[in-house]
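Below are the chains, spelled out letter by letter.
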Amino acid sequence: MKPEHFKEFISIAAVFGAVASMFVYVIESQGFGDSSRTAIWFALAASAYAAIFSVYYSRMRERRLRQRRIFIIYSSKDREAASKIVEHLRSSGYNPWFDVDEIAPGQKWTQSVMKGIAESAVALYLVSENLKDSNKFVGEELKAAMSVMRSRDESFSPVIPVRLDDSVVPQELGDVHWVDLRDKDGLEKLEKGLKRVLGQA
C-alpha cells in the first residue's frame, strides 16, 4: 500500500468509526430491533479491525524504512556529490539520512546526528581530499557509526567507503572494500554492496 493510499484508508476508517458510534448511540436511545443492532456492532467491529490494521501497518512500514536507512558521512565541501548520491538512493527505494534534509533550524546538531546514526542500518563514508579540512565531528560520526551499526553478515562492514577522488581510505576502514563513484558502474556496485550489508541479497 502506497503512503498516500494508506492515509486515505486511515481517514475513511476514522470517519466510518465515528458514524458507526453515532448509530450505536441512536439505536441504544431509540430502541431499534436486534437486526439493526447486529449490523451496527458489525460495523464497529470492522472499524476496530481497520484501526488495529493501521497501527500494525504503520509499525511495519517504520521498521522497513529503518532497515533501509542509510546515514551519509561527508565533508560539507562535497555536499553536491552527496546530494546526487542521496537522490539516487531515494529513487532506488532507500531511506537516506542526509543532514541537509533531516536537521531543522533550532535542532541540536550533535544529538540529531547521533540519533540518525542510531536509527540507521548502514553508513556511507564519502572519501575525498576535502576530509582533511573537515571538522573533527566527521571523524566522530565515523567512530559512532562503526560502534553502533552492525551488519547482518559479519564478513561485511556496516560502513561502506565511497571514493570521490584518489584520496586514501582512512585506517579504520582499511580492510573494507571501497566503491569508486568515478567508475561507470560505481552506483551499481554501491547498491550491490548495500543489499549484501542489509541482508537483501
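Definitions and limits used
The numbering scheme is per chain: residues are counted from 1 as the chain's sequence reads. Restriction of local features to residues with pLDDT of at least 70 applies here, the model being predicted, together with a cutoff of 80 or more for giving and counting side-chain atom pairs; totals for whole chains, interfaces and linings are based on all residues. The basis for the side-chain values is all heavy atoms of the structure; hydrogens and waters are excluded. The secondary structure listing takes helices from DSSP runs of H or I that are at least 4 residues long and strands from runs of E that are at least 2 residues long, numbered from the N terminus. To estimate how far a helix should extend, the number of its residues minus one is multiplied by 1.5 Å. Pairs of residues are marked as contacts when any of their non-hydrogen atoms sit within 4.5 Å. Only protein chains enter the calculation, and the probe is 1.4 Å; a residue is then buried if its accessible area is under 20% of its type maximum, exposed if over 50%, and partly exposed in between. N or O atoms closer than or at 3.5 Å make up a polar contact, with two conditions inside protein: a donor-capable atom paired with an acceptor-capable one, and, for residues adjacent in sequence, both atoms drawn from side chains. Pairing between strands requires that DSSP locate at least two bridges from one strand to the other. By arc we mean the arc of the directions from the helix axis to the C-beta atoms, nothing more. Confidence per residue, as judged by the predictor, is encoded in pLDDT with a range of 0 to 100. As a rule, the C-alpha atoms of each element are fitted with a line to give its axis, helices using only the stretch in contact, and angles between N-to-C directions run from 0 to 180 degrees. Here the word oblique covers every angle except those under 35 degrees (roughly parallel), over 145 (roughly antiparallel) and from 65 to 115 (roughly perpendicular). Here is the rule for handedness: rotate from the far helix to the near one, and if that takes an anticlockwise turn smaller than a right angle the crossing is left-handed, while a clockwise turn gives right-handed. For this classification, the nonpolar set comprises Ala, Val, Leu, Ile, Met, Phe, Trp, Tyr, Cys and Pro, the charged set comprises Asp, Glu, Lys and Arg, and every other residue, Gly included, is treated as polar. In plain words, nonpolar cores are sets of buried Ala, Val, Leu, Ile, Met, Phe, Trp, Tyr and Cys residues tied together by side-chain atoms within 4.5 Å.

### Description of helix α7 (residues 186-197)
And then number 1: For α7, which comprises 12 residues, the first-to-last C-alpha distance of 17 Å matches the rise-based estimate of 16 Å (1.5 Å per residue) to within 8%.
And then number 2: Buried-residue contacts for α7 involve β1 (69-73), α3 (79-91), β3 (122-127), β4 (159-163) and β5 (179-180).
And then number 3: Positive backbone phi, at 75°, marks G199, one or two positions downstream of α7.

### Overview of the side chain of S128
And then number 1: Mapped onto the elements, S128 comes out in the loop between β3 and α6 (136-148).
And then number 2: In this structure S128 comes out as buried when scored by relative accessible area, which is 4%.
And then number 3: Among the polar contacts listed, one links the side chain of S128 to the side chain of D78, at a separation of 2.4 Å.
And then number 4: If we skip the residues at most four places from it in the chain, S128 touches D78, L164, D165 and S167.

### As for the pairing of β4
And then number 1: Within β4, five of the five residues are buried, which leaves the element mostly enclosed by the surrounding structure.
And then number 2: In terms of strand pairing, β3 meets β4 through five bridges, oriented parallel. Along β4, the bridge assignment pairs Y125 with P161.
And then number 3: Where β4 and β5 come together, two bridges link them in parallel fashion. Its bridge partner lying in β5, V162 is registered against V179.

### Looking at helix α5 (residues 109-118)
And then number 1: All of the buried residues along α5 are S112, V113, G116 and I117. In a view along the axis of α5, the buried residues occupy a sector of 135°, so they form one face of it. Exposed side of α5, more than 90 degrees from the buried face: Q111 and K115 are the residues found there.
And then number 2: Residues of α5 that are buried sit in contact with β1, β2 (95-97) and α6.

### Things to note about the confidence of the model for the protein
And then number 1: Of the residues in the protein, 64% have a pLDDT of 70 or more, and the chain-wide mean is 79.
And then number 2: Across residues 55-63 the pLDDT falls below 50, and counting only partners more than four positions away or on other chains, this stretch makes four contacts in the model.

### Structural notes on the packing of α5 against α6
And then number 1: The interhelical angle for the contact between α5 and α6, taken along N-to-C directions, is 30°, at an axis separation of 9 Å. The angle between α5 and α6 places the two elements in the roughly parallel class. Between α5 and α6 lies a crossing whose hand is right-handed. On α6, the residues touching W109, T110, V113, M114, I117 and A118 of α5 are F137, E140, E141, A144, A145 and V148.
And then number 2: Residue composition of the contact of α5 with α6, by class: nine nonpolar, one polar and two charged.

### Some words on the nonpolar core
And then number 1: Residues I72, L124, L126, I160 and L194 are the most contacted members of the largest nonpolar core, which totals 21 residues.
And then number 2: Of all the elements, α3 adds the most residues to this core, at four residues.
And then number 3: Counting residues in each nonpolar core, the second largest holds 20 residues, with F71, I73, I103 and I117 among its members.

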